[in-house]
Amino acid sequence: MILIKDLKKIAAQLKAERSIELGDLVGAIEKSLVAAYARNYGQMEGVLSVLNAETGECRIIATKSIVDAVNDETIEISIEQVRAEGLLGAVGDTVEVDVTPESFGRVAIQAAKNVILQMINESEKAYVYDKFKEKIGQLVNGVVQRVEGMNYLVNLGDVEATLTRRDQIPGETLHSGDHVRVFLSDITLTNRGPILRISRSCPEFLIELFKLEVPEIKEKNIIEIKAIARDAGMRSKVAVYSNHQDVGAVGTCVGHMG
């Protein structure tokens, strides 16, 4: 028998912090133990692990054919051994046998630990992806973490993103520790985690800045941005339209102080 200590406590913590269900955790650990058993003993077919979520006790079970004379003990069991162990069955039948190795405990515990860490890692990736997927098309705040060649690595809180040269404002120089706003244009979930595409040079970046500075634009029923052309760092042209006869589109966007 293998004992995974504090399984219920670990499961409760994972559910609270990562929304990982107990059943998913148990199933993943059981699969990992079968794989670990196969690596050590060269057999996976007909082998399963049974993990008691309440006690943390786990056993490796193999389905074997009952025979008169055993030629392959990994898949066969003699009728004499079946009777000696008090199992039910006759020659030609199959029977489930507890094949948990006595020396398998350390391997099993490490396999379970790896599964838990992997599930935490995958959960973290999914959490970050879901969080920032909702922010696509918006401005997000970040801090320049470091300069990498001609690129900037920007910390967005839960993830880091690369501000490439083509997405930078020409002539703008950033330094480590600078607080910056960037436009989140896309996010892709990969095996290495979420990859975010951010920009400070795209027209959408300017549109979102206008929304922050001009409340009438955010309320689309008053002023709309119809078109925008931007030469980042040099000049921009924004075509605006007012849906309200008492509100001047250009004057509102330019502001009282110009």
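Here the structure is shown first, and the text comes after it.
Residues numbered from 1 in each chain as written. Predicted model: local features only at pLDDT ≥ 70, side-chain atom pairs only at ≥ 80, totals over all residues. Heavy atoms only, no water.

Looking at this structure, I do not really get the overall build of the protein. What am I missing?
Helix and strand counts for the protein come out as seven helices and 12 strands. Taking 18 Å as the expected radius of gyration for a compact globule of 258 residues, we find that the protein reaches 31 Å, considerably beyond that expectation. Projected onto the principal axes, the alpha-carbon positions of the protein cover approximately 100 × 45 × 30 Å. Counting over 258 residues, the protein shows a buried share of 34%. The contacts in the protein between residues at least 6 apart in sequence include a share of 53% that link residues at least 24 apart. Here the protein displays about 16,000 Å² of accessible surface, and carbon together with sulfur accounts for 49% of that area. Taking the 30 positively charged and 37 negatively charged side chains of the protein as two groups, their mean positions are separated by 9 Å. (Helix = DSSP H or I, 4+ residues; strand = E, 2+ residues; numbered from the N terminus. Rg over C-alpha atoms; globule rule 2.2 N^0.38 Å. Buried < 20%, exposed > 50% of the residue type's maximum accessible area, 1.4 Å probe, protein only. Contact = heavy atoms within 4.5 Å. Areas by Shrake-Rupley, 256 points an atom, 1.4 Å probe, with all protein chains shown as cover. Lys, Arg positive; Asp, Glu negative; His and termini not counted. Charge placed at Lys NZ, Arg CZ, Asp CG, Glu CD.)

Would you take a moment to explain unusual backbone geometry for this structure?
Backbone geometry follows two general trends: most residues other than glycine have a negative phi, and most peptide bonds adopt the trans configuration. For D6, which is not a glycine, the phi torsion comes out positive at approximately 55°. In this fold, D6 is placed in the loop between β1 (2-3) and α1 (7-18). In this structure D6 comes out as exposed when scored by relative accessible area, which is 53%.

Mind showing me how you'd approach the pairing of strand β7 (residues 151-155) here?
Taken residue by residue, a regular strand's side chains alternate between the two faces of the sheet. Across five bridges, strand β6 (residues 139-148) lies against β7 in antiparallel orientation. Opposite E148, over in β7, you have N151 as the bridge partner. Following β6, the chain reverses through two residues before pairing antiparallel with β7; G149 in that reversal takes a positive phi of roughly 65°. Pairing analysis gives four bridges linking β7 to strand β8 (residues 160-163), with the strands arranged antiparallel. Paired with Y152 across the strands is L163, a residue of β8. Count of turn residues in the β7/β8 antiparallel hairpin: four residues, of which G157 carries a positive phi of about 105°. (Pairing = 2+ DSSP bridges.)

Before we go on, may I ask you to explain helix α2 (residues 22-41) in this structure?
What sets the pattern is the α-helix's 3.6 residues per turn: residues three or four places apart point alike. In this model, α2 (20 residues) spans 28 Å end to end at C-alpha, consistent with the 28 Å of a helix rising 1.5 Å per residue. Those residues of α2 lying buried are L25, V26, I29, S32, L33, V34, A36, Y37 and A38. Those residues of α2 hidden inside the fold are in contact with α1, β2 (47-51), β3 (57-67) and α4 (105-133). Two residues or fewer after α2 comes G42, characterised by a positive phi angle close to 70°. (Expected span 1.5 Å × (residues − 1).)

It is not clear to me how the packing of aromatic side chains should be interpreted in this structure. Could you clarify?
Given two aromatic rings, their pairing is described by the distance between the two centres and the angle made by the two planes. Overall, the coordinates contain zero aromatic pairs when judged by the stated rule. If you follow K135 out to its NZ or CZ, it ends over the ring of F132, 5.3 Å from the centre. (Phe/Tyr/Trp six-rings, centres within 6.5 Å; stacked < 30°, edge-to-face > 60°. Lys NZ or Arg CZ within 6 Å of the ring centre and 35° of its normal.)

Any chance you could explain the nonpolar core here in plain terms?
In this structure, L25, I29, L33, L51, I60 and F104 are the most contacted members of the largest nonpolar core, which totals 33 residues. Ranked by residues supplied to this core, first place goes to α2 with seven residues. If you look at the next biggest cluster of nonpolar residues, it comprises 18 residues, including V140, V159, V180 and L196. (Core = buried A, V, L, I, M, F, W, Y, C linked by side-chain atoms within 4.5 Å.)

What exactly am I supposed to notice about the pairing of strand β5 (residues 94-98) here?
The alternating pattern of β5 places V95 and V97 on a buried face and T94, E96 and D98 on a face that is not buried. Summarising the sheet, β3 and β5 pair through five bridges and their orientation is antiparallel. The residue bridging K64 from the neighbouring strand is V95, located in β5.

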